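# Results of the structural survey
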Amino acid sequence: MSTQAQSTTKIHSSLPHTKVMRSYQLAFEHLSKNKRVEINQRIKRLEKEQKMLLTPSTVAKALELYRSNPKEKFFTRKLGKEVGKNPNIAESAFHWLHIAIKGKVDKEKKIQGIFNFWQKNPQQLLEWIIFGRSPYTEYSFQKYWKVGRRFVINLLTSTRLQTDSYWNRKYAKKYQNPKIKFNHILPTITHEEVVLAVEDAYKHKIHEFSSITNLSTNQQSFINKLQLLVQDKQQVASFVTSWINIPQKSRWKSLKKLAQQITESIGKKNRKLFSAVRLIVVFALFDHLMESVPQLILSTLPEKVVSQPFKRKKKGKLPIKLLMKNEYVITREGNAKVLTAKVRKQGWTELGFPQRGKKKVKAHMLFPPKVLEYLRNGAIIKILQVSSGEAPSYKPRVDVVLEGEHECFLSTTLLHHYISTIPSGNIPTLGVDINRLGQFMVTFNTPIDLPPDLLKLSERYNLLTDKVLKELNRGLAKKRKNRDSRGCCKLLGELNKVYTRRSRIMREILRLLPFFIASVMVKHHSRVLKIEELNVDPTGTKGALAKAIYTMPDNSFIYDKAVWLASSELGYDVLLEQVNAFRTSLLHNVCGGVLDRKVGNYDYAYCKNCGLKVNTHFNAVLNISSKPGSPLSSRSFPPLNAREGNPSNDG
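Residue positions are given per chain, counting from 1 as you read along its sequence in written order. Local features in this predicted model are restricted to residues of pLDDT 70 or higher, and side-chain atom pairs are both shown and tallied only at a pLDDT of 80 or more, whereas totals for entire chains, interfaces and linings draw on every residue. The basis for the side-chain values is all heavy atoms of the structure; hydrogens and waters are excluded.

### Regarding helix 8 (residues 149-170)
Each helix corresponds to a stretch of at least 4 residues labelled H or I by DSSP, and each strand to a stretch of at least 2 residues labelled E; elements are numbered beginning at the N terminus. An expected span of 1.5 Å times one less than the residue number is assigned to each helix. Here helix 8 contains 22 residues, and its C-alpha end-to-end distance of 31 Å stays within 8% of the 32 Å for a straight helix at 1.5 Å per residue. Note on classification: 1.4 Å probe, protein chains only; a residue is buried when its accessible area is under 20% of the maximum for its type, exposed when over 50%, partly exposed between these limits. Burial in helix 8 covers these residues: V152, I153, L155, L156, T159, R160, Q162, T163, D164, Y166 and W167. Any two residues having at least one pair of non-hydrogen atoms within 4.5 Å are treated as being in contact. Contacts made by the buried residues of helix 8 are with helix 5 (88-120), helix 6 (122-131), helix 7 (135-145), helix 14 (293-298) and helix 15 (302-305).

### Notes on helix 11 (residues 233-245)
The end-to-end C-alpha separation of helix 11 is 18 Å, in line with the 18 Å expected for 13 residues at 1.5 Å each. Of all the positions in helix 11, only V236, A237, V240, T241, W243 and I244 are classed as buried. Seen end-on, helix 11 carries its buried residues on one side only, within an arc spanning 165 degrees. Packing partners of the buried residues in helix 11 comprise helix 6, helix 9 (191-209), helix 10 (217-231), helix 12 (251-265) and helix 13 (274-289). To be clear, the arc concerns the directions from the helix axis to the C-beta atoms.

### Quick notes on a positive patch on the surface
Patch building starts from residues that exceed 30% relative accessible area and form no salt bridge, then joins like charges within 9 Å and nonpolar side chains (Val, Leu, Ile, Met, Phe, Trp, Tyr) within 5 Å. Only the protein chains shown count as cover for residues, and the accessible areas themselves come from Shrake-Rupley with a 1.4 Å probe. By convention in these notes, a salt bridge is any Lys or Arg side-chain nitrogen within 4 Å of a carboxyl oxygen on Asp or Glu. All tallies of charge rest on Lys and Arg as positive and Asp and Glu as negative; His and the ends of each chain are not included. Charge placement uses NZ in Lys and CZ in Arg. For Asp and Glu, CG and CD serve respectively. A cluster of like positive charges, contributed by K456, R460, K497 and R501, occupies part of the molecular surface. You can call R501 partly exposed: its relative accessible area is 41%.

### Remarks on the pairing of strand 5 (residues 380-387)
Where burial is concerned, most of strand 5 is hidden: 6 out of the 8 residues are buried. The criterion for strand pairing is that DSSP finds at least two bridges linking the strands in question. Of the pairings in the sheet, the one linking strand 2 (residues 320-322) to strand 5 comprises 3 bridges and is antiparallel in character. Note that in strand 5 the partner of K321 across the bridge is Q385. Examined bridge by bridge, strand 5 and strand 6 (residues 397-404) share 7 bridges and lie antiparallel to one another.

### What about the side chain of R42?
Assignment of secondary structure puts R42 in helix 2 (residues 33-53). Within 3.5 Å is the distance limit for a polar contact, defined as a pair of N or O atoms, with the added protein rule that one can donate a hydrogen and the other accept it, and that residues adjacent in sequence qualify only through two side-chain atoms. There is a polar contact of 2.5 Å between the side chain of R42 and the backbone oxygen of F353.

### Remarks on the packing of helix 4 (residues 72-83) against helix 5
Axes here mean lines fitted to C-alpha atoms, for a helix over just the part in contact, with angles spanning 0 to 180 degrees between N-to-C directions. Where helix 4 contacts helix 5, the two axes come as close as 10 Å, and the packing angle between them is 125 degrees. The orientation of helix 4 relative to helix 5 falls into the category oblique. Helix 4 and helix 5 meet at a crossing whose hand is right-handed. Taken together, the residues of helix 5 that come into contact with helix 4 (itself represented by E72, F75, T76, L79 and G80) are E91, F94, H95, L97, H98 and I101. Angles are sorted into four bins: roughly parallel if under 35 degrees, roughly antiparallel if over 145, roughly perpendicular if 65 to 115, and oblique for all others. Two helices crossing with the near one rotated counterclockwise from the far one by less than a right angle form a left-handed crossing, whereas a clockwise rotation gives a right-handed crossing.

### Some thoughts on the sheet that holds strand 2
Spatially, 2-5-6-1-4-3 is the arrangement adopted by the 6 strands of the open sheet, whose pairing is antiparallel. Unpaired on one side and paired on the other, strand 2 and strand 3 (348-355) mark the two borders of the sheet. Taking the axes of each pair of neighbouring strands and ignoring which way they run, one obtains an average angle of 35 degrees across the sheet. The pairing of strand 1 (residues 20-28) with strand 6 spans 7 bridges and is antiparallel. Bridge assignment links S23 to a residue of strand 6, and that residue is V401. Strands strand 2 and strand 5 of the sheet are contacted by helix 5, whose axis makes an angle of about 110 degrees with strand 2.

### Quick notes on the packing of helix 10 against helix 13
In helix packing, the relevant descriptors are the interaxial angle and the interaxial distance, both defined with respect to the helix axes. Packing of helix 10 against helix 13 leaves a shortest axis separation of 9 Å and a crossing angle of 65 degrees. Taken as a pair, helix 10 and helix 13 cross one another with a handedness that is right-handed. Across the interface between the two elements, F222, K225, L226 and L229 from helix 10 touch S275, A276, V277, L279 and I280 from helix 13. In this count, Pro and Cys sit with the nonpolar residues alongside Ala, Val, Leu, Ile, Met, Phe, Trp and Tyr, while Asp, Glu, Lys and Arg are called charged and the others, Gly among them, polar. A per-class count over the contact of helix 10 with helix 13 returns 7 nonpolar, 1 polar and 1 charged.

### A closer look at the sheet that holds strand 7 (residues 429-434)
With respect to topology, 5 strands assemble into an open sheet ordered 8-7-9-10-13, the strand pairing being mixed. Each having just a single partner strand, strand 8 (442-444) and strand 13 (630-631) make up the two edges of the open sheet. Inspection of the sheet shows strand 10 (residues 575-579) paired to strand 13 by 2 bridges, in the antiparallel sense. Directly across from Q578, in strand 13, lies its bridge partner S630. Most of the contacts of helix 20 (residues 485-523) go to strand 8, to which it runs at about 10 degrees, and overall it touches strand 7, strand 8 and strand 9 (528-532).

### Section: the environment of H525
In this fold, H525 is placed in the loop between helix 20 and strand 9. In this structure, H525 is in contact with G425, N426, I427, P428, L570 and Y572, ignoring residues within four places of it in sequence.

### Regarding the packing of aromatic side chains
In summary, the pairing rule links any two rings of Phe, Tyr or Trp, Trp by its six-membered ring, whose centres are within 6.5 Å, and it sorts them by plane angle into stacked for under 30 degrees, edge-to-face for over 60 and tilted for everything else. Counted under the stated rule, the structure contains 18 aromatic pairs. Where Y374 meets F409, the ring centres are 5.2 Å apart and the plane angle is 70 degrees; that geometry is what we call edge-to-face. Of the two residues, Y374 is situated in helix 17 (residues 369-376) and F409 in the loop between strand 6 and helix 18 (413-419); the sequence distance between them amounts to 35 residues. Among the aromatic residues, those joined into a cluster by ring pairs are F117, Y136, F141, Y144, W145 and F151. In this structure, K256 packs its charged tip against the face of F274, placed 4.2 Å from the ring centre. Charges are assigned to positions over rings by a cutoff of 6 Å between ring centre and Lys NZ or Arg CZ, combined with an angular limit of 35 degrees from the ring normal.

### Some thoughts on the state of the cysteines
Cysteine sulfur atoms are paired as a disulfide whenever they come within 2.5 Å of each other. Per the stated rule, a full pass over the model turns up 0 disulfides. Looking at C610, it has no disulfide partner, and the nearest cysteine sulfur is the one in C607, 3.6 Å off. Since its relative accessible area comes to 41%, C610 is described here as partly exposed.

### Re unusual backbone geometry
Along the chain, A391 connects to P392 via a cis peptide bond; the corresponding omega equals 5 degrees. Unlike most non-glycine residues, H30 shows phi in positive territory, near 45 degrees. Take H30: it is sitting in the loop between strand 1 and helix 2. A positive phi angle, close to 50 degrees, is found at H525, a residue other than glycine.

### Focus: the pairing of strand 9
Judged by how many residues are buried, strand 9 sits mostly within the fold: 5 of 5 residues are covered. By the alternation rule, side chains of strand 9 split into V528, K530 and E532 and L529 and I531, which are all buried. The pairing of strand 7 with strand 9 spans 3 bridges and is parallel. Across the sheet, the residue bridging to G431 is K530, located in strand 9. Of the strand pairs in this sheet, strand 9 and strand 10 are connected by 5 bridges, and their pairing is parallel. Across the sheet, the residue bridging to V528 is L575, located in strand 10.

Rendered as structure tokens:
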């Protein structure tokens, strides 16, 4: 960002002053190959020393210390005395150990919270025991923790597998029956029991909703689905009984197939009965499992379920953290304060790599212009981290962690570039809808064309997806059929390159989108940004719908960052509101009719009421902007511990 562009930025006084940390990669200046290889070998030696320090006994002592006092300075100093290791390399190892233990303890608290939740909600507990997942639990903790739903799904699935292992270890004699193990045989059940379960599930929901005066559309729809199953309960019970009594590779996936089979058998192919069938399975197994499962959960210790740090072998290596102290394993110019001042002035620093019995190797470390700009804006150097490179380049990697306030990392060059290309206007409430990659990737409630750079990136992404990857996969299938191992290796390498290229394109799109949305808000002096509920889960979808969901760069950070950028530029807080996504894509905004959304009618569709041909994306965003919204809870942006490579990091 130029000095002139920076001087025009209006920093809003209400922006938070919390310190944030950002990580950036640095580069060495003109290293010969021999010198680069020598530096790389010395770094590798330090990495091996660091890895050897993280023994199971050290990890066990570290856990005890962390639970008594989680502060890192106390933790590192005390652990060094306990283990008898106090050199700089040990402090680097204990720094990463502290981070790993902090993550373990945080996961233990989350699992304990889930267990407590299930003690009050036995139906969701049985869903987790049977399927490894529970949609209501996922939704509840997604809102409570303010995280993505995929995070909660992964946590529930991994916890289910780990509890099986824990129960097998602790209850070796009592837990011999595999009836509640993940994806093993369930308790044997009769046809009559399932018939009763169908009736009980329907009665239970009727009783649960009896206290509600006006049922919502979803609640009434669920009652209707259960009523359909009750009408054909004998036929439904036959399918469910065979499904329970036969082992499944994945109960969750096979349940979707079971629901489809039931819909076809009762002559309702267009009805989605997955949730209703899931409820019937839970009721059918309720009496069999509720005798033992709650007691198992009560006696399960989360600290035993969560594995120890560094127990499993993981790809990659821990970088060497260069602590600002007198005893160095890799030398640099002064402590953090001195080093920051020197880099601001000269734009580089010198690192030294000593080794006993050999001459110290020195190298200049260059700081990119963006990092220098952040340093001159007031950020300081917090930590330097060094890790070794792999063959054939043997290029060592150095990362610098900067610390500063939000204002230090604010750049408006790209924002002003987009502002100059957007026509002026005045729209107090701006609606936005992000769709699959393409011409209508971002749609507002005012006609605005997609910028050429975003359009070009989306075209490249679709070309790789629709043409290049399909051709490579077809070629790989032929090579495997002909048992050409050399050709397979070559094509696998090409596939990996294309997937990497495609992921980089998506990352660049995610980086640019917030600036484009913010520029529209600035140019139209918007005070409210309305979005749909970010609750799309592609699990279980296929075909065009799955492709659309997977290529929708729809993520909460896009809107958080866009609102932050717009608020900084406009000088007042832009509000972010969320509206219910129900029927926003189906109802015609003009006449209220229903759009004919058949297969292929993704961008344009005819209204069944007035016959008008409608742009489905523009129509959806008009519905979004006109619906009443609820303010989203304030979230910290930028993230308090963002790293380079995260699109939200390039503020």
